[in-house]
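A closer look at the structure
If you want the building blocks of each chain, they are given just below.
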Amino acid sequence: MVPFLDLKAVNRPYRDAIAQAMERVLDSGWYIMGQELTAFEKSWALYCGTKEAIGVANGLDALILILRAYGFDPGAEVIVPANTYIASILAISANQLTPVLAEPDPKTYNLDPNEIERLITPKTKAILVVHLYGQLADMAAINAIAQKHHLKVIEDCAQSHGALSPDGRRAGNLGDAAGFSFYPGKNLGALGDAGAVTTNDPELAERLRSLRNYGSHKKYYNEVKGVNSRLDELQAAVLAAKLPHLDPENQHRQARAAQYLAGIKNPLIELPQSGPKAGHVWHLFVIQTDERDRLAEYLKAKGIGTLVHYPVPPHQQKAYSEWKHLSFPITEAIHQRILSLPMGPCLSESETNQVIEALEAYR
Ligand SMILES: *Cc1c(COP(=O)(O)O)cnc(C)c1O
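Source: prediction; values computed, not measured.

The rules we used
Residues numbered from 1 in each chain as written. Predicted model: local features only at pLDDT ≥ 70, side-chain atom pairs only at ≥ 80, totals over all residues. Heavy atoms only, no water. UniProt positions renumbered as here; feature names shortened; annotations may be inferred. Helix = DSSP H or I, 4+ residues; strand = E, 2+ residues; numbered from the N terminus. Contact = heavy atoms within 4.5 Å. Buried < 20%, exposed > 50% of the residue type's maximum accessible area, 1.4 Å probe, protein only. Phe/Tyr/Trp six-rings, centres within 6.5 Å; stacked < 30°, edge-to-face > 60°. Disulfide = S-S within 2.5 Å. Near = heavy atom within 4 Å. Polar contact = N/O pair within 3.5 Å; in protein donor to acceptor, adjacent residues only side chain to side chain. Areas by Shrake-Rupley, 256 points an atom, 1.4 Å probe, with all protein chains shown as cover. Nonpolar A, V, L, I, M, F, W, Y, C, P; charged D, E, K, R; others polar. Domains from an automatic or database assignment. Buried area = accessible area lost by both parts, 1.4 Å probe. Salt bridge = Lys/Arg side-chain N within 4 Å of Asp/Glu carboxyl O.

For the rest of this paragraph, the subject is the UniProt feature "modified residue: N6-(pyridoxal phosphate)lysine" (unreviewed entry) in the chain. Under the present numbering, the feature "modified residue: N6-(pyridoxal phosphate)lysine" (unreviewed entry) in UniProt falls on Lys186. You can see Lys186 is positioned in the loop between β6 (177–181) and β7 (195–199). Ignoring any residue separated from it by four or fewer positions in sequence, one finds Lys186 in contact with Ala158, His161, Ser181 and His283.

Pasting the structure below:
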């Protein structure tokens, strides 16, 4: 049996450190907006290489609040990949802004810079870049386009914690602001919901610190109409305990990905492609094949877990019925053909070989 991802096993090696952190919070008598949050925000900013990190309740809120903090006029357009997870797009809609869907590069699953240029109008205010499956998008090209057209670049880093760009900067430090999710299954995962924003813009950071806490810097004095989206002390303490293990875990993922890439030769299977210097932390290892459901069933019969990220593209979701007349052939083909293989910090070398052997025997 090779599970897709075993979260109990993921957290087991850190059980003592996590238990200690939780006890510290329990005994402190202070559970919201305290020193655990401040300490984690400092460590996260340091890790990402940014001036600021602001803890929030989850990854969706991180993106919603970044867009709100910029204060774009209603109806302003934000370019976003058409094949992203729904949260990237919901964050735009939630601010009464218009998501403009861009077909991805079918090889990297990430935004195609040429496609971005084609979609820019006088209403475009920002590009929401998603480093999908853990691989960095072509940030040099995207930032150049943004500069030329005076657009903000917002990174959705929910799947790319720690990914390094060719010039040695990390995900979250490659645009104007970035949203992270620490949902339990992400590369750095809490024991519940959690998220953060990173930025080098101190004014934006101050607006975000206010927005996440009822629009207030001082208790009971409200400057703007904010929300309650705070990263609580317990999750902050758990994240701080796990953070030192993020890089070694990402290296483990990279080793397993290299093993898959070298071992899978079956012509029925297309391997994920990464650029020559593309930073990739392999949140997911996503292959393509013509008969995806047949392959998933075949692997399931052999005790190998797989998932599809994601089965329905956003423009075909019921929630966005206003887009049902739209057609994105690249995105639609991707959603029909993709399959995520087992991947994670606990996937062993021999389990990976089991998956490879099963795939090589597939006809
Ligand atoms: C997980 C995820 C989010 C949302 O994060 P939550 O913490 O679940 O709100 C946003 N974007 C992408 C690409 C994700 O994978």
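Text resumes after the structure shown.
Bringing the environment of Val153 into the picture now. Residue position: Val153 is located in strand β5 (residues 152–156). The exposure class assigned to Val153 is buried, which follows from its relative accessible area of 1%. Each C-alpha atom of the pair Val153 and Asp176 lies 5.3 Å from the other, and the pair is 23 residues apart in sequence. Leaving out residues up to four positions away in the same chain, Val153 has contacts with Ile127, Val129, Met139, Asn143, Ala146, Gly175, Asp176 and Ala177.

Another point: the packing of aromatic side chains. Evaluated as defined, the whole model comprises 13 aromatic pairs. Note on Trp44 and Tyr47: the rings are 5.3 Å apart at their centroids and 20° apart in plane angle, and the pair reads as stacked. Placement of both Trp44 and Tyr47 in helix α3 (residues 35–48) is noted, with a separation of 3 residues, approximately one turn of the helix. Tyr47 matches Trp44 in its accessibility class, with the two residues each being buried. Look at Tyr70 and Phe72: their rings are 5.6 Å apart centre to centre, the planes differ by 25°, and that puts the pair in the stacked class. Here the aromatic residues Phe40, Trp44, Tyr47, Phe180 and Phe182 are joined through ring pairs into a cluster of three or more.

Bringing the state of the cysteines into the picture now. Tallied over the full model, the rule gives 0 disulfides. You can see Cys48 has no disulfide; the closest cysteine sulfur is in Cys157, sitting 7.4 Å from it. Cys48 sits in the buried class, given a relative accessible area of 2%.

Another point: the site of the ligand. Neighbouring the ligand are the residues Asn58, Gly59, Leu60, Tyr85, Ala87, Val130, Asp156, Ala158, Gln159, Ser181, Lys186 and Tyr310. A distance of 2.7 Å is found between a nitrogen atom of the ligand and a side-chain nitrogen or oxygen belonging to Asp156. In the model, an oxygen atom of the ligand is placed 2.6 Å from a nitrogen or oxygen of the Ser181 side chain. Across the complex, the protein chains shield 91% of the 380 Å² of accessible surface that the ligand would expose by itself. Residues of the shell around the ligand, tallied by class, amount to 6 nonpolar, 4 polar and 2 charged.

This part covers the side chain of His161. Tracing the backbone shows His161 in the loop between β5 and β6. A distance of 2.8 Å separates the side chain of His161 from the backbone oxygen of Ser181, its partner in a polar contact. Residues within four places of His161 in sequence aside, it is in contact with Trp44, Phe180, Ser181, Phe182, Lys186, Asn187, Leu188, Leu246, Asn250 and Val281.

Below, the discussion takes up the UniProt feature "active site" (unreviewed entry) in the chain. With numbering aligned to this structure, UniProt lists the feature "active site" (unreviewed entry) at Lys186. Note on Lys186: relative accessible area 15%, which makes it buried.

We note that the domain assignment places domain 1 (7–102 + 109–243) and domain 2 (245–361) within the chain. A straight line from the C-alpha centre of domain 1 to that of domain 2 covers 24 Å. Across the boundary between the two partners, domain 1 contributes 35 residues, which contact 35 residues of domain 2. Carbon and sulfur atoms make up 60% of the area that domain 1 and domain 2 hide from each other, which totals about 2,900 Å². Three residues, Tyr109, Tyr133 and Asn187, lead the burial of domain 1 against domain 2; their summed loss comes to 26% of the area buried on that side. On inspection of domain 1 and its partner domain 2, the count reaches 1 salt bridge. In this structure, Asp247 engages Arg170 in a salt bridge whose closest nitrogen and oxygen atoms are separated by 3.3 Å. Inspection of the domain 1/domain 2 interface yields 20 residue pairs in polar contact (both at pLDDT 80 or more). Mapped onto the side of domain 1 that touches domain 2, the elements with two or more residues apiece are α1 (7–11), α3, α5 (86–93), β3 (98–102) and α9 (233–242). A class-by-class count of the residues in the side of domain 1 that touches domain 2 yields 21 nonpolar, 11 polar and 3 charged.

On to the pattern of salt bridges. As enumerated under the stated definition, the model contains 13 salt bridges in all. For the salt bridge of Glu291 with Arg294, the shortest nitrogen-to-oxygen distance reads 3.2 Å. In this structure Arg294 comes out as partly exposed when scored by relative accessible area, which is 37%. Sharing partners across several salt bridges, the network here consists of Glu41, Glu52, Glu206, Arg209 and Arg212.

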